[in-house]
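Here is how the chains run, residue by residue.
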Amino acid sequence: MLRSAVTGRSVAGQVFVLQVVIVLLLVVSAVVAQVLQVRHDSDVEAGNRSLAVAETFANAPGTAAALRSPDPTALLQPRAEATRRATGVDFVVVMDTDGVRYTHPKTDRIGKKFVGSIGPALAGGTVTEHVDGTIGPLVQVVVPVKDAGGKVVGLVSAGITTAHVGGAADRQLPLLLAAAAVAMALATAGTALVSRRLLRQTHGLGPYEMTRMYEHHDAVLHAVREGVLIVGGDGRLLLANDEAHRLLGLPEDAERRSVLELGLDEETASLLASGRVATDEVHLVKDRLLAMNQRPTDLRGGPAGSVTTLRDSTELRALSGRAEVARERLNMLYDAGVGIGTSLDVTRTAEELARLAVPRFADFATVDLFEAVLVGDEPRPGTALLRAARAGIGEDAPLYPVGERIRFVATSPQARSLTTGQSVVAPRLRGASGWRAQDLERTGQVLEYGIHSLITVPLRAGSLVLGVANFWRSQKPQPFDSEELTLAEELVARAAVSIDNARRYTREHSLAVTLQRSLLPRSLPEQGALDIAYRYLPAQSGVGGDWFDVLPLSGARVALVVGDVVGHGLHAAATMGRLRTAVHNFASLDLPPDELLGLLDELVGRIDQDETPPEGSAVVTGATCLYAVYDPVSRLCTMARAGHPPPALVLPDGGAEFLDLPAGPPLGLGGLPFETAELELPEGSRLVLYTDGLVEDRERDIDEGLEMLRDALHRTPGASPEDTCRAVLDRLPNRPSDDVALIVARTRVLGADRVAEWQVPSDPAAVSQVRASVTRQLADWGLDEQAFTTELILSELVTNAIRYGRGPIGVRLLRERTLICEVSDRSTTSPHLRYAASTDEGGRGLFLVAQLAERWGTRYTREGKIIWAEQPLP
């Protein structure tokens, strides 16, 4: 192969010969240049050395004085010879201003005329010249010798033959030639190796064959209708044929640039830069769909890089586009199934439909529902619709806003959809006169905004048409077509089912809430012991069993009740109503709180055991209750609770605390008695009763909720009960997950000026004394008109206590909203009303009291009983 490389017939041979000739010329040129450089350097060195020696000798101390001595030669010859030998120059000659030598290496030359130019030196300059002197070719320098006044008194010349300076270089010339020969040999060997590799790479082809092959390959590369790219290992584009330029839109200077800098899309550029194997990968490049194949070039020892071919598959794009549209529509339908109807709220479901359609299907979407649907009723055709939802790519579109009441004219697409129950497509709104008749000014603004196409689809649930969904197009120039109408109908059909379910739930929830609210107090009864404010918030979904009550009791006392039936649904609400009725009945008996809760416990246990809740309702497994009785005379509050959260007390100075009451088991469990706690409350204290929905939900436990409630109460020093309710509820979420009942009661005190008390001996004669004392007290109160009736009532009650009760006997008169008479004794025997016969001597006392008093009754205390009667004040 080496022989073929040096024959010169192939490209490799020609390259070898050319490189050898070039190397030979370079070596010869280098040798010649070196010789000339050595000679030049020798001349320069000779001149520099001669100049240095001459100037040194001329300026040496004593040189100028020796020139003025009678015998300059005797003084200067030894010194000149010593200088010559020390410096290696060939001569140091000292002469007078006429050029006559005083010194010379050869003594026979002393006294003779100097050979050379001395004129410049006599003028104070320096002379350097090449001459053929008596000792051969040399370089000599002449410098002046000046006295102290600067006058030239003589000349000094030093010189050296060029043979002495360049001798070393001449001796190195053989070494230089040997080195040149070695370099020639190495260069020839390297050239042979390069030519051998070139021979292997060109396969021994000659220039003609190479030219012909390149022309053929170039013709094929640029004529083929398939793009070809060659990318180097460093990611730079080495070659791109015309088709590749056209398909990829490459710039003219694309070659030698990184493929990442050619403006290609990220996916295509990454493929070209990676060099990985790819087979028929489809890439969307600008407006073309390209099938790309890529293979590395170094599989068989070739250079690093890759070759990529591109094939235009744009014809497949239509099929691919239709497949992509189908896939997107399936995704939309799937998203509709998942994303529409996430809550049982009519408005929210309509909003979910509108948001889903924009911008994937339409540029704007609106949903109009009959007003009856929004409140849970069945739609009534012919009535107005309400815009329930709107979504769009912009907020400034001149479409009807949300909340607008709309009556569509008969010629509008919406009215036709509502009437026929069929979808309507208005592909070009500008020519739809029926639609434009709805509102000429607004429809003109819609067209000016750029909205040009409309699909109206009725929201049908069975035989009911709940409203219409409208899809508007503005950006895409093509109008809606039949395929898009089918998709719109699918979306709306799914949404209509969810909207109807939400409507039914709204109706049922409204009925349940109405029932629940009907079971709660509609207004608070009149009483003077407490200033009361309350709130009731229904649960976010379903109805619960929370309730509260304010019950006036005898003796100006007031009972506060708050409770919570476990569970949700109509059955829980009905159970709550039964418990509230039971509390009313038990409270009318003036039972202590613990006894009242015990009776409620038995009632709830019977309800749980004897009744089965309706299908779909939660089973009632118990209830909680807190019962408190406040006496404005003694300021005592007696409380008991059954599994209920403890009440909070806000003192007049603003301090808030939770009262430590015995918890007691929830109602319905039975087995354990309830305990009462009695507290004396300062006037102006606020008692806060609530259900667990206020302090507990899914996002926080009850301890955190109690702390939040305490903090809210701390922030309301001196606030009214109404302001306290508002401050507490402001810390709740907008829609609690459970019912919330809240009562805030601020205590009042019935002052001593409105209370009168007497102790009565067990003697019938004492009755007259009591009547006289009562008459005087009523006169002090300005109630003289009540004196006669009050005397009769007290006479009967005191007489009964003396006759049938046990002492001590007490009488108390209270002036509150009514006039209250109370007679107490230590007996527990309860009097009862009866009709006396005409022949009976007694038995008419309580009958008389019942006729004179507005209300009367008996309540038991720890010491005995109290019989009371109330009269209205004038």
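Parameters at a glance
- Residues numbered from 1 in each chain as written.
- Predicted model: local features only at pLDDT ≥ 70, side-chain atom pairs only at ≥ 80, totals over all residues.
- Heavy atoms only, no water.
- Salt bridge = Lys/Arg side-chain N within 4 Å of Asp/Glu carboxyl O.
- Helix = DSSP H or I, 4+ residues; strand = E, 2+ residues; numbered from the N terminus.
- Buried < 20%, exposed > 50% of the residue type's maximum accessible area, 1.4 Å probe, protein only.
- Phe/Tyr/Trp six-rings, centres within 6.5 Å; stacked < 30°, edge-to-face > 60°.

Asks: I tried to follow the pattern of salt bridges on my own but got confused; where do I start?
Replies: Pairing is possible between side chains of opposite charge, provided their charged atoms come close. Inspection of the entire model under this criterion finds 29 salt bridges. Between Asp 280 and Arg 311 there is a salt bridge, and its shortest N-O distance comes to 3.2 Å. Pair noted here: Asp 280 is in strand 7 (residues 278-285) and Arg 311 is in strand 9 (residues 305-312), with a separation of 31 residues, a long-range link. Exposure remark for Asp 280: the relative accessible area of 42% places this residue in the partly exposed category. Note on Arg 311: relative accessible area 36%, which makes it partly exposed. Among the ionic pairs, Glu 870 bridges to Arg 855, the shortest N-O distance being 3.0 Å. Here the residue Glu 870 occupies a position in strand 30 (residues 865-872), and Arg 855 occupies one in strand 29 (residues 855-860), the gap between them amounting to 15 residues. A relative accessible area of 7% means that Glu 870 is categorised as buried. Judged by relative accessible area, which is 37%, Arg 855 ranks as partly exposed. Within this structure, Asp 500, Arg 503 and Arg 504 form a network of salt bridges that share partners.

Asks: Explain the packing of aromatic side chains here, please?
Replies: The geometry of an aromatic ring pair comes down to the distance between the two centres and the angle between the two planes. Within this structure, the stated rule accounts for five aromatic pairs. Measuring from centroid to centroid gives 5.4 Å for Phe 361 and Phe 471, while their planes differ by 85°, and the two rings are edge-to-face. Linking Phe 361 in the loop between helix 11 (346-357) and strand 10 (364-370) with Phe 471 in strand 15 (residues 464-473), this pair joins segments that are 110 residues apart in sequence. You'll find Phe 361 and Phe 471 in the same group, each marked buried. Centroid distance Phe 364 to Tyr 449: 5.9 Å. Interplanar angle 65°. Geometry classified as edge-to-face. Taken together, the residues Phe 364 in strand 10 and Tyr 449 in helix 15 (residues 440-449) connect sequence positions 85 residues apart. With relative accessibility at 0%, the residue Phe 364 sits in the buried group.

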